[in-house]
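Structural features, examined
Below, each chain spelled out in residue letters.
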Amino acid sequence: MRQNLLEIKDLHIEVNNKKIIKGLNLSIKEGEKHAVMGPNGSGKSTLAKVIAGHPLYKITQGSIYLKNKNITNFPPEQRAQEGVFLAFQYPLEIPGVNNLDFLRLAFNAKLKYEGRKELDPLDFFEFIHKEIKKIDLTDEFLNRNVNEGFSGGEKKKNEILQMCLLNNELSILDETDSGLDIDALKSISKSINTFFNKKKSIILITHYQRLLDYVIPDFIHIMQNGKIIKTGNAYLAKQLEQHGYTNILTKT
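Residues numbered from 1 in each chain as written. Predicted model: local features only at pLDDT ≥ 70, side-chain atom pairs only at ≥ 80, totals over all residues. Heavy atoms only, no water.

The chain appears in an unreviewed UniProt entry as Probable ATP-dependent transporter ycf16 from Porolithon onkodes.

Another aspect to go through is the overall build of the chain. From N to C terminus, the chain includes nine helices and twelve strands. When the backbone C-alpha atoms are referred to their principal axes, the chain occupies close to 55 × 40 × 40 Å. Sequence separation of 24 or more characterises 69% of the internal contacts of the chain that already satisfy a separation of 6 or more. For the chain, the exposed surface amounts to about 12600 Å²; the carbon and sulfur share of it is 50%. For the chain, the distance from the average position of its 35 positive side-chain charges to the average position of its 30 negative side-chain charges is 7 Å. (Helix = DSSP H or I, 4+ residues; strand = E, 2+ residues; numbered from the N terminus. Contact = heavy atoms within 4.5 Å. Areas by Shrake-Rupley, 256 points an atom, 1.4 Å probe, with all protein chains shown as cover. Lys, Arg positive; Asp, Glu negative; His and termini not counted. Charge placed at Lys NZ, Arg CZ, Asp CG, Glu CD.)

Scanning the entire structure with this criterion turns up eight salt bridges. Taking the shortest distance from any N to any O, the salt bridge between Arg144 and Glu154 comes out at 3.1 Å. Pair noted here: Arg144 is in the loop between α5 (139-142) and β8 (145-146) and Glu154 is in helix α6 (residues 152-166), with a separation of ten residues, a long-range link. Of the residues examined, Glu154 reaches a relative accessible area of 23% and is grouped as partly exposed. Here Lys238 and Asp213 are joined by a salt bridge, their closest N and O atoms 3.7 Å apart. Within this pair, whereas Lys238 is found in helix α9 (residues 235-250), its partner Asp213 is found in helix α8 (residues 210-214), the two being separated by 25 residues in sequence. (Salt bridge = Lys/Arg side-chain N within 4 Å of Asp/Glu carboxyl O. Buried < 20%, exposed > 50% of the residue type's maximum accessible area, 1.4 Å probe, protein only.)

Their axes nearest at 11 Å, the elements helix α3 (residues 99-113) and helix α4 (residues 121-133) cross at an angle of 100 degrees. For the element pair α3 / α4, the angle class is roughly perpendicular. Here α3 contributes Leu100, Leu103, Arg104 and Phe107 to the contact with α4, which in turn contributes Pro121, Phe124, Phe125, Phe127 and Ile128. Tallied by class, the residues present in the contact of α3 with α4 amount to eight nonpolar, no polar and one charged. (Axes fitted to C-alpha atoms, helices over the stretch in contact; angles between N-to-C directions. Parallel < 35°, antiparallel > 145°, perpendicular 65-115°, else oblique. Nonpolar A, V, L, I, M, F, W, Y, C, P; charged D, E, K, R; others polar.)

Dropping the structure here:
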């Protein structure tokens, strides 16, 4: 029997004294792919950041459990070490920080937390050299500063590279498909599907069906006004594509 990986109970979130999430419940088991969709301002990205532990979002009520451990008050770095990964909608540029060094430090931080031996620069380069080939990147990509001067597709590929490298149990991909051409979308989708297994779970936050044509979710949740108001299977995305949110939500 598959175990619960993530469980969110009656979650209420405020930002600058404004209520964004209003009593949200969500349960995700190991080996499940969930998509979260909804109109702009419905709370999708807020949910992603809250699960990852963003400090600007205040939890006023409710709890978040990861592998049956209450992580509601854990700082973001501890949540990451416990198994949460967030791919940002708008990945930040970090001038002056080499991508190779950034990835090695992140990888070694996780190894250290798990009590495993850290990799020296040469061993890590040999390791990462194999990983980048899986998502159609070259070694030249590693020598650039983190996301500086990257195209939209390169930034998103860098997020997926981090996901594969850190190998966390729960990955949250916040609009990973935005700004991608069809080739980049197919490449990233292939990497997501290759990474996924029966012990890992993924939350895909998206506006569009096109990503879900390649990464087929087990469940789709529609958010509105800070709550999940409808849940269905992959067919729900096709209904949204055809009829839009207004038509679907008025029938809820």
